[in-house]
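Geometric and topological summary
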Amino acid sequence: MKMSSRHYDVVVVGAGPGGLPAAIAASRLGAKVLLAEQHGYLGGNMAIGLPLLAYLDKDGNEVIKGIAQEFVDAMKPYKAVSDHKWCPLHDSLTIYNPEVFKVVAIQKCLEAGVELLLHCQVTDVNTDNGRIDSITLFGKGNKLEVTADVFIDATGDGDMAYMAGARYEKGQMNSGVLQPPTVMCTVTGIDSQKTIKYIEDNPEQMELAPTVEHYPGYDAAYFRSNPDYYTMVGMRKLVSQLKEKGEMPIDRDTLILIKTMFPNDMNLNCTRHLGIDGSDMFDLTKAEIEGQQQNLKLVEVLRKYLPGFENATLSNIFPSVGIRESRRFHGIRTLTEDMVMSGEIPPDSVGLGSYIIDIHDGGGKSTICKKVMPYGLPYGIGVSADIDNLMISGRCASMDAVALSSARVMPPLMALAQGLGVGAALAVKKGCRPAEADVGEIREILKKDGVMLEPSPEAKVLEFN
């Protein structure tokens, strides 16, 4: 086995929404950065067909800019991304071509001077006196020992932080139950206008559970006026009827149908795998097997019962199960339910979030959705309370379970990641721990880079019923 070693200022592990902006931001400030990724592409969940949620808040005001917006702007010349469209349920949706995004992400990293290493995973983390000395990356039978001043865990599940011995929590606070993951797929041959006509003639199919809060107008007229920009959550009555007949292969009460950039395609975010822990490889294996089998059966059921899907064909099952929740690590600050629900914007915020509280019940009951005002993402939620040179970016950052259900979507995670990348670079430059980085200086840099740190004073407020 070949063994080699290298040193960097900043090492980011995981090239999804929690890793990409961190690596780019740190490198732009002069840090020598390695971005390591287990797959052969960049993007994580941004590369599998989910829409980007909540660039706009519940009232349609912009809250996310910075590197997150740069990615969107870089896709526009390829006609590979929509505008940010307000949504009565999801606040806003941005539909894009994930294949183009993969290339754009590479271009952005290379332009910033980030060194990329794909097809590798962390297998060892060596710590001493509360600090990471080195990590071992493994790929194709070879090992690379990497040392750095600052390590950023953007693996989603916090694999590097876990191996370093950092403290973490899992699950909802009262029960410990985790939100269930989903294996997504794409179906082609869809007549979406026919599906919209079906819910126009059967409006009860868009009646959501009483636990789901949304603005009026989440109906056929909305979907018809936004034919290329929607995520349709509904068919609750149809799902219930098919469950009673024993024909519905999934454990949920609604369907989530996501319009793509391609006219006759839909992404299905429908399977729900109860009792699965995304940080357990045996559970992941179980979910992948269940999800792939269920998607094939689901397409057959939809072809039979849902107008517009008569000619549906399964064209793609996404390469990995989508995890909503696993480990959340202890930071020097914690984002809490109270902070999110009150719209608190602390003075140490490095970005904003505003997505709905969105808890997919791990016991098989209805999803809980609540509207929130924009809130701040404090720098310290991404700084480990246990390991001096470790930062935690993405859904493994320091949040309670309810706060996570809002901040876990990609745009706010990108906003946080950019702030952490700036903090990492400043810590390297000044020879201090990330916890000692000057948050005021971080915020000034972010402002110059166009990041929103507070809502616009001209923000409008919509009437809510």
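In short, a report on the structure. (Residues numbered from 1 in each chain as written. Predicted model: local features only at pLDDT ≥ 70, side-chain atom pairs only at ≥ 80, totals over all residues. Heavy atoms only, no water.)

A short note on helix H1 (residues 20–28)
In an α-helix there are 3.6 residues to a turn, and that puts residues three or four apart on one side. In terms of burial, H1 is largely enclosed, as eight of its nine residues are buried. Among the residues of H1, Leu20, Pro21, Ala22, Ala23, Ile24, Ala25, Ala26 and Ser27 are the ones counted as buried. The elements touched by buried residues of H1 are strand S1 (3–13), strand S2 (33–36), helix H2 (66–75), helix H3 (98–112), strand S9 (142–153) and helix H11 (410–430). Once H1 finishes, Gly30 follows within two positions and takes phi at roughly 100°, a positive value. (Buried < 20%, exposed > 50% of the residue type's maximum accessible area, 1.4 Å probe, protein only. Helix = DSSP H or I, 4+ residues; strand = E, 2+ residues; numbered from the N terminus. Contact = heavy atoms within 4.5 Å.)

Some words on the packing of H11 against helix H12 (residues 439–448)
Between H11 and H12, whose axes approach to 10 Å, the crossing angle comes to 125°. In terms of orientation, H11 and H12 fall into the oblique class. The interaxial crossing formed by H11 with H12 has right-handed handedness. Across from Gln418, Gly419, Val422, Gly423, Leu426 and Lys430 in H11, the residues of H12 making contact are Glu441, Ile442, Ile445 and Leu446. A per-class count over the contact of H11 with H12 returns five nonpolar, three polar and two charged. (Axes fitted to C-alpha atoms, helices over the stretch in contact; angles between N-to-C directions. Parallel < 35°, antiparallel > 145°, perpendicular 65-115°, else oblique. Left-handed = near helix turned anticlockwise from the far one by under 90°. Nonpolar A, V, L, I, M, F, W, Y, C, P; charged D, E, K, R; others polar.)

Quick notes on the packing of H1 against H3
Direction vectors running N to C along H1 and H3 enclose 25°, while the axes themselves pass 8 Å from each other. The angle between H1 and H3 falls in the class roughly parallel. Taken as a pair, H1 and H3 cross one another with a handedness that is left-handed. Taken together, the residues of H3 that come into contact with H1 (itself represented by Leu20, Ile24, Ser27 and Arg28) are Phe101, Ala105, Lys108, Cys109 and Ala112. Residues that form the contact of H1 with H3 fall into these classes: six nonpolar, one polar and two charged.

So, the environment of Phe101
Relative to the assigned elements, Phe101 resides in helix H3. Residue classification places Phe101 among the buried residues on the basis of a relative accessible area of 0%. Phe101 has contacts with Leu20, Leu42, Gly43, Met46, Phe71, Met75 and Tyr96, leaving out every residue within four places of it along the chain.

A closer look at the pattern of salt bridges
Oppositely charged side chains can form a pair if their charged atoms are brought close together. The tally for this structure, following the rule as stated, stands at 28 salt bridges. Notably, a salt bridge pairs Arg236 with Asp253, separated by 3.4 Å at the nearest N-O pair. Placement of Arg236 in helix H7 (residues 236–244) and of Asp253 in the loop between H7 and strand S13 (255–259) is noted, with a sequence separation of 17 residues between them. You can call Arg236 partly exposed: its relative accessible area is 28%. Using a relative accessible area of 16% as the deciding quantity, one classes Asp253 as buried. Via salt bridges that share partners, Arg28, Glu70 and Lys108 belong to a single interconnected network. (Salt bridge = Lys/Arg side-chain N within 4 Å of Asp/Glu carboxyl O.)

Brief notes about the pairing of strand S8 (residues 132–139)
Walk down a regular strand and you will see the side chains alternate between the two sheet faces. For S8, the buried fraction is high: six of the eight residues fall into the buried class. Bridge analysis of strand S7 (residues 121–127) against S8 gives six bridges, and the strand direction is antiparallel. Its bridge partner lying in S8, Thr127 is registered against Ile132. Examined bridge by bridge, S8 and S9 share five bridges and lie antiparallel to one another. Bridge assignment links Gly139 to a residue of S9, and that residue is Asn142. Linking two consecutive strands that pair antiparallel, namely S8 and S9, is a turn of two residues; a positive phi of about 55° is found at Lys140 within it. (Pairing = 2+ DSSP bridges.)

Remarks on the side chain of Asn61
The residue Asn61 is located in the loop between strand S3 (52–53) and H2 in this model. Judged by its relative accessible area of 11%, Asn61 is buried. Sequence-distant contacts of Asn61, defined by excluding residues within four places in its chain, comprise Tyr55, Leu56, Ala459 and Lys460.

With respect to the sheet that holds strand S14 (residues 265–268)
The five strands lie next to each other as S12-S13-S14-S11-S15, forming an open sheet whose pairing is antiparallel. In the strand order of this sheet, the two ends are held by strand S12 (231–234) and strand S15 (313–317), each with one partner. Strand-to-strand twist across the sheet, computed as the mean angle between neighbouring axes with direction ignored, equals 30°. In this structure, strand S11 (residues 185–188) lies alongside S14, joined through four bridges in antiparallel fashion. Directly across from Thr188, in S14, lies its bridge partner Asp265. In this fold helix H8 (residues 281–305) packs onto S11, S13, S14 and S15, with an angle of close to 155° to the strand it touches most, S15.

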